[in-house]
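One letter stands for each residue in the lines below.
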Amino acid sequence: MSALVDIDGLTVGFRTADGPVTAVADVSFTVAPGETVCVVGESGSGKSVTSLSLMRLVEFGGGAILDGRLRFDAAAGPLDVARASDATMRGLRGNEIGMIFQEPMTSLNPVFTIGRQMVDGLRLHRNLARAAARARAVELLREVRIPEPERRLDQYPHELSGGMRQRVVIAMAMACRPRLLIADEPTTALDVTIQAEILGLIDRLKRETGMAVLFITHDMAVVAQMADRVVVMRGGRVVETGPVERIFAAPQADYTRALLAAVPRLGEMADRPAPEPMRIPGAPVPAARPSAPPGDAAPILELRHLTTRFPVRTGMLRRVTANVHAVEDVSFALAAGRTLSLVGESGCGKSTTGRSVLRLVEPTSGEIRLGGRDITDLGGRDLRRLRRDVQMIFQDPFASLNPHMRLAQQVAEPMRNFGTARGRELADRVADLFDRVQLPRSFLNRYPHELSGGQRQRVAIARALSVGPKVIVADEAVSALDVSVQAQVLNLMMELQADLGLSFLFISHDMAVVERVSHDVAVMYLGRIVEIGPRAAVFADPRHPYTRRLLASVPIADPARRREFAQADTAPIPSPVHPAGYVAPRSEYREVAPGHRVLV
Amino acid sequence: MAYLGNRLLSLVLTLFLISMVTFAVTHILPGDVAMIIMGTQSNPEALAGLRQSLGLNEPLLVQYGRWIGGMVTGDWGTSLVFREPIGPLIAQKAAASALIVAMSMSIALAAAIPLGVWAAVHRDRWQDGAASTTALLGVSLPDFFWGIMLILLFARVLGWLPSSGFVHPADDFGGAIRHAFLPSLALGLGLMAHLTRMTRATMTGILQQEFIRVARAKGLSERTVIWRYALANAIGPVVTVAGLQVGYLFGSIIVIESLFNFTGMGWLTYQALLNRDIPLIQATVFTIAAVVMIVSLLVDLLYTVIDPRVRLG
Amino acid sequence: MTTRGIVGGALVALMLALAILAPLLVPDTWATEMDMLARLSPPSLAHPLGTDQLGRDLMWRVMLGARTSILIAGAAVLMSLVIGLPLGVVSGYFGGWIDNVLMRIVDATLAFPALLLALTISAVLGPNLRNTIIAIGVAFTPYLARIIRGEALRVARMPYIEGARAAGTTDTMIILRHVLPNIMAPIIVQATISLAFAILAEAGLSFLGLGTQPPDSSWGLMIQASRDYLDRAPWTALVPGAAVALTVLGLNMFGDVLRDVLDPRHAMPAKPA
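Residues numbered from 1 in each chain as written. Chains lettered and ligands numbered in written order. Predicted model: local features only at pLDDT ≥ 70, side-chain atom pairs only at ≥ 80, totals over all residues. Heavy atoms only, no water.

Focus: the overall build of chain A
Put simply, the rule is: Here a helix means four or more residues in a row that DSSP labels H or I, a strand means two or more in a row labelled E, and each is numbered from the N terminus. The globule rule is 2.2 Å times the number of residues to the power 0.38, and the radius of gyration it is compared with is taken over C-alpha atoms. When a residue's accessible area, from a 1.4 Å probe over protein chains only, is under 20% of the maximum for its type it is buried; when over 50% it is exposed; and in between it is partly exposed. For this analysis, residues touch if any pair of their heavy atoms sits within 4.5 Å. For every accessible area listed, the method is Shrake-Rupley and the probe measures 1.4 Å; residues are considered covered only by the protein chains on display. Here the positive residues are Lys and Arg and the negative ones are Asp and Glu; neither His nor the chain ends is included. Where a charge lies is defined by one atom per residue type, namely NZ (Lys), CZ (Arg), CG (Asp) and CD (Glu).
Broken down by element type, chain A carries 19 helices and 23 strands. For 600 residues, the compact-globule estimate of 2.2 N^0.38 gives 25 Å, and the C-alpha radius of gyration of chain A, at 26 Å, lies within 12% of that figure. For chain A, the spread of C-alpha atoms along the three principal axes comes to 75 × 55 × 50 Å. In chain A, which comprises 600 residues, the proportion classed as buried is 56%. The contacts of chain A with a sequence gap of at least 6 include a subset with a gap of at least 24, amounting to 70%. Looking at chain A as shown, the accessible area adds up to about 23600 Å², and 51% of this sits on carbon and sulfur atoms. Taken as two groups, the 74 positive and 67 negative side-chain charges of chain A have centres that lie 4 Å from each other.

Now the structure itself:
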């Protein structure tokens, strides 16, 4: 069988301010008809550039195909994309090759209706009259399971949710029945349940139409779910290619092995009650740690019926007409030396809960107790003192450090504020902290931009540790990091916990990471905890429908355990905004096992 | 509708604030208003008389109250220089200015949008450099300097267009346009340069957005991608900026109308300022600020028509 | 891009040098000396840029004018920064009702075209050098306050500010250590561009006779004086006009390049794709 796509020796360069840069060098692989090939790699691996080259879209970003052949088996006969005319390429794009992109929120033109954007491709490639093109657009929207397709055609993109928009983009790409669909990180910006819907949809369309799929991703679990064959890339070159089973079972290249090892696999902790460090090949297996104290020990941090609402003001008089119920009647207890993970999808209130604990946002009602003391209404000096005991690590390592301050200064700042150390002693403490988070002391006088994302996150940890806190709130602290770096930072955090008896409130959307690092888990949905309990219990025996849906949506980094993603219509997500007088019901729980409670 | 109501209410509040600023600038600053009007050399009796007739001996709040009351009820007082009621005077001059403001805005937009798009499409290449440098030169020259150069070229050397005076469109439409052309061009050049830079910046941002890549991936031609998909997104911001520049234009007309002896609002304001005709200064300054506010409201409303995202308000 | 920066920088440096050095090296009388026999003479060896209607040498006059124009523009921008910076930072950082009240007033002031406000203030105060500075300074303050507020607001929302708060840093220290250093770059850029606008405003005010008054020399005044001799001696307008244009062009070019170099949003490494 001849290949649909045959890439041979592809080399792509970009002109930048610092001179020409080679982004992709000597890349070769093939895609057979009806096959899904996943190109996987970390940031800067050249995977996106490769896919854009196949559409010759690199040219628009200042890139150029410098060398190589990109044979595509078009309907009219094979041709070389690298040398085809612009007119030929326009005839291929959107017609024989469809493409979908990462950011559904910006993938559609905000000032045109959905209908107009769908119709113009059809009219261009299929010569359809307006009415016929519209009818076909309705069919396509139906095919991607968008409810009320006729109405959607006259809507604007901002009226649709992110998942729905990505379906529209897919429908547009499918409009002319392409022989190849290129999907460039199509689910990276989406929540896990919506990712599951989109992955299921792409897979179904592929089976129904027989098209081939070139799927670009950084996520090994998505690869395991989707791929027939895998191309692993790093630094602009192909590291390894092979069938998905072989890649996962017997990776040949060291890099692939390292990448796979660092990826947590959902379910692998099923019979292990305590958290375990991440696997890092080459690094020694960390010694067994003393197990954490039991969860029923006196809690260091306790929330009682915490509620945080943000007023929505409208009109001249800025009257409160509605409230965003970000956090609604949330209660939990966190014991010393343990990790409680808050999990849920974007907008569920997990970050606001974390920020409320530090009083970075003011809770509307409820109680926050730290070490048995009510800190909800502390102000001024007392509030500042509280902040010695609770520290925070933020998600974005590029934004959480002051770009104009030396690292040593930033780590020293909390100690200076609290007067815990000064002069020579302060300098020593800072240097010790750098050792503690495994950063070289030569970094002391550097600025944040000189560091990688993982290193910055270590600085943020050092800063949080500097005043000897009891609790650290880690808000998506490793989500922006590549998987190998993520494993190292997580291991550092677990080590610190064992050594210092720290408690973590670990806020994350990544169920596989949460399974590995937590003692306890609380699942949040629409501002409430819907299920809470020991990690092993919640993962093994999820009771709330939402927890079940969440867990069933997570792809597993193991091709032998592919999930069956249901093909339902996209359901609208209920809104957390309620009119001003709305009285929210209380959160009532049923205990299904010791410490394992489910919202009724 | 609630949106419109809110905006109107907000406009009234802002107009009120504007009136206070206007009054404050002419009254609270150090110096005696009567002295400002008549000069320091004038005789004490005349000063006292003027104070009396302008009501300057009363508390400031009372003076302000009487002034704002007059403005609201349509009694705008009498100009000290022109010895005419201010209301009709302003109405007549404002119409003249409306002509050159509209003409200069049309000239500026018609040139700036294509030029800005062209520069953005050829970003960082010679076309961009040429367009950007031209625009930079445009914003760097004082508009009265443009005016002088235009007078020199078109009126003196070529003798194509009149360099001075105003003709009412109702009397002689062609003459009105010809008289308004050079001042409009002088106003429009600087504005054009500014809007070109703005269009270029907006288009550059839009061309990097994902939906542009999606449009290309559909096989649409570059012409469609740039002039339909991208430009449709740029129009809103560009029109908004153009609307905000009406304020800048109203500053510039003072200079340009004086230069071209074009008897509009700018000329009137200048006469008021030169002669320290405080009642006329207050009225013209307030009117100009009020017009600027109203135009910006209209632009906002226009934006809700252009951009569907703000349609629901 | 860099050539533009060099050209802009060179122009600014040249004008600064003229403004600062010329008066030290050359007596003012060179610029005020009248030569009635050489009135309105075109550029020549004796008068490289020609003479004006009173036979004064335009080259020396333009240099003298540089001092006045740059002094007024610089002092006016400094004044609006001194008022606008605290207003903007407090408004943007604290938000809430302070922000509401301050920004309402700023918005109402912004409805007045800057040139109109400056002209009015100057006319009311009585036009002279000091009052020109005050007039332009007051007229520019709301613009700078608005921009500084926007920057302070942007920085105040950054996680590192929250991090500092979580680390127990007081508001005063957050503003001094974290907010100010991070809004400096855009403020410097904005000040540079404001300087260009202030030069234009000064020229406009003086051109209308409501700015610098004779015997002080300024570029706007020179253009004003040239109006009656345009046909016979166009260089009397071109010379001061070119001086304004080159200075403002230089400042704008320099500002553009500063923006590219200093703005952290550009310096930020690209997010992983």
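Here we look at the interface of chain C and chain B
Going by this rule: Put simply, buried area is the surface a 1.4 Å probe can reach on two separate parts but cannot reach once they are joined, added for both. By salt bridge we mean one thing: a side-chain nitrogen of Lys or Arg within 4 Å of a carboxyl oxygen of Asp or Glu. Polar contacts here mean pairs of N or O atoms no more than 3.5 Å apart (in protein, one a potential hydrogen donor and the other a potential acceptor; neighbouring residues in sequence count only if both atoms are side-chain atoms).
Between chain C and chain B, the contact holds 39 residues from the first and 47 residues from the second. Carbon and sulfur atoms make up 78% of the surface buried where chain C meets chain B, a total of about 3800 Å² over both sides. In terms of surface lost to chain B, no three residues of chain C exceed C:Phe112, C:Val124 and C:Leu208, which account for 16% of the buried area on that side. Linking chain C with chain B are zero salt bridges. There are three residue pairs in polar contact (both at pLDDT 80 or more) connecting chain C and chain B. Of all the secondary structure elements, the ones that give two or more residues to the side of chain C that touches chain B are α4 (96–110), α5 (114–125), α8 (171–207) and α10 (235–262) of chain C. Ranked by residue count, the leading element in the side of chain C that touches chain B is α10(C), at 11 residues.

Digging into the pairing of strand β8 (residues 212–217) of chain A
Regular strands place side chains that alternate from one sheet face to the opposite one. Residues and elements named next belong to chain A. Applicable threshold: By this definition, two strands are paired if DSSP reports at least two bridges between them. Orienting the strands away from the viewer, one traces the path from the first strand over the helix to the second; a clockwise path indicates a right-handed crossover.
In terms of residue burial, β8 counts as a mostly covered element, since six of its six residues are buried. Here β8 shows a buried face lined by Ala212, Leu214 and Ile216 and a second buried face lined by Val213, Phe215 and Thr217. Where strand β3 (residues 36–40) and β8 come together, five bridges link them in parallel fashion. Residue Thr36 lies in a different strand from β8, and its bridge partner there is Val213. Inspection of the sheet shows strand β7 (residues 180–184) paired to β8 by five bridges, in the parallel sense. By the bridge assignment, Ile182 is partnered in β8 with Leu214. With respect to chirality, the unit in which β7 leads through helix α7 (residues 192–209) into the neighbouring parallel β8 is right-handed.

Topic: the pattern of salt bridges
Residue and element names in this part refer to chain A. Summed over the entire model, instances satisfying the criterion amount to 46 salt bridges over all chains. Across the salt bridge formed by Arg56 and Glu59, the nearest N and O atoms sit 2.3 Å from each other. The exposure class of Arg56 is buried, given its relative accessible area of 6%. A relative accessible area of 36% means that Glu59 is categorised as partly exposed. Among the salt bridges present, the one from Glu150 reaches Arg142, with a minimum N-O distance of 3.2 Å. The network of salt bridges with shared partners includes Glu302, Arg304, Glu367 and Arg369.

Observations concerning the side chain of A:Thr256
All names here are of chain A. Position of Thr256 relative to the elements: it lies in helix α10 (residues 254–262). Assessed through its relative accessible area of 0%, Thr256 is described here as buried. Residues within four places of Thr256 in sequence aside, it is in contact with Val232, Val239, Glu240, Ile247 and Pro251.

A word on the domain arrangement of chain A
Where interface size is quoted, it is often the accessible area lost as the parts come together. All names here are of chain A. Inclusion rule: Throughout, the edges of the domains are those of an automatic or database domain assignment. Amino acids are sorted into nonpolar (Ala, Val, Leu, Ile, Met, Phe, Trp, Tyr, Cys and Pro), charged (Asp, Glu, Lys and Arg) and polar (every other residue, Gly among them).
Partitioning chain A into domains gives domain 1 (5–104 + 178–261) and domain 2 (301–556 + 588–599). If you average the C-alpha positions of domain 1 and of domain 2, the two centres end up 36 Å apart. Contacts between the two partners involve 14 residues from domain 1, matched on the other side by 11 residues from domain 2. Here domain 1 packs against domain 2, burying approximately 1100 Å² in sum over the two surfaces, 52% of which is carbon and sulfur. For the domain 1 face of the interface with domain 2, the top three residues by lost area are Asp191, Val192 and Thr193, together amounting to 46%. Counting the contacts that link domain 1 with domain 2 gives zero salt bridges. Remark: the boundary between domain 1 and domain 2 carries six residue pairs in polar contact (both at pLDDT 80 or more). When residues of the side of domain 1 that touches domain 2 are traced back to their parent elements, those giving at least two are α7 and α8 (220–226). The biggest single contributor to the side of domain 1 that touches domain 2 is α7, with six residues. Of the residues contributing to the side of domain 1 that touches domain 2, the split by class is eight nonpolar, four polar and two charged.

Here we look at the environment of C:Ala237
Tracing the sequence through the fold places C:Ala237 in helix α10. Along the backbone, C:Ala237 and C:Ala225 are 12 residues apart, and their C-alpha atoms lie at a distance of 8.3 Å. With sequence-adjacent residues up to four places away left out, C:Ala237 is seen in contact with B:Phe145, B:Ile148, B:Met149, C:Ile223, C:Ser226 and C:Leu230.

Section: the nonpolar core
This is how it is decided: The criterion is simple. A nonpolar core is a set of buried Ala, Val, Leu, Ile, Met, Phe, Trp, Tyr and Cys residues joined through side-chain atoms within 4.5 Å.
Core analysis: the biggest nonpolar cluster contains 158 residues, and A:Leu180 and A:Leu214 have the highest contact counts within it. Of the residues that make up this core, three or more belong to each of domain 1 (5–104 + 178–261) and domain 2 (301–556 + 588–599) of chain A. Apart from the residues within four sequence positions on either side, A:Leu214 is in contact with A:Phe29, A:Val31, A:Val37, A:Val39, A:Leu54, A:Leu180, A:Leu181, A:Ile182 and A:Ala183. B:Met105, B:Ala186, C:Ala76 and C:Leu200 belong to the second largest nonpolar core, which has 145 residues in total.

Some remarks on the interface of chain A and chain C
Across the boundary between the two partners, chain A contributes 29 residues, which contact 22 residues of chain C. Buried area between chain A and chain C, both sides added, is near 2200 Å², and the carbon and sulfur share of it is 58%. If you sort the residues of chain A by the area they bury against chain C, A:Phe398, A:His404 and A:Glu413 come out on top, with a joint share of 22%. Where chain A meets chain C, there are two salt bridges. The residue A:Glu413 makes a salt bridge to C:Arg177 at a minimum N-O spacing of 2.8 Å. Our count for the chain A to chain C interface comes out at 13 residue pairs in polar contact (both at pLDDT 80 or more). Elements with a minimum of two residues in the side of chain A that touches chain C: α12 (380–389), β16 (390–393), α13 (407–418) and α15 (453–465) of chain A.

Let's talk about the sheet that holds β7(A)
Residues and elements named next belong to chain A. How we decide: Simply put, an axis is a line fit to the C-alpha atoms, just over the touching stretch for a helix, and the angle between two N-to-C directions goes from 0 to 180 degrees.
The sheet built from six strands is open, its strands ordered β6-β7-β8-β3-β9-β10 with mixed pairing. Edge positions in the sheet fall to β6 (97–100) and β10 (237–243), since each of these pairs with one other strand and no more. Along the sheet, successive strands turn relative to each other by an average axial angle of 15 degrees, direction set aside. With four bridges joining them, β6 and β7 adopt parallel strand pairing. In the sheet register, Met99 faces β7, and the bridge partner there is Ile182. Sheet strands touched by α7: β3, β6, β7 and β8. Its angle to β8, the strand with the most contacts, is close to 155 degrees. The strands touched by α10 are β9 (229–234) and β10; relative to β9, the strand with the most contacts, the crossing angle is about 100 degrees.

Concerning unusual backbone geometry
Residues and elements named next belong to chain A. With phi around 50 degrees, Arg177 is a residue other than glycine that occupies positive phi space. By secondary structure assignment, the location of Arg177 is in the loop between α6 (162–173) and β7. According to the relative accessible area criterion, Arg177 is partly exposed, its value standing at 35%. Positive phi, normally seen in glycine, also occurs at Asp329, with a value near 50 degrees.

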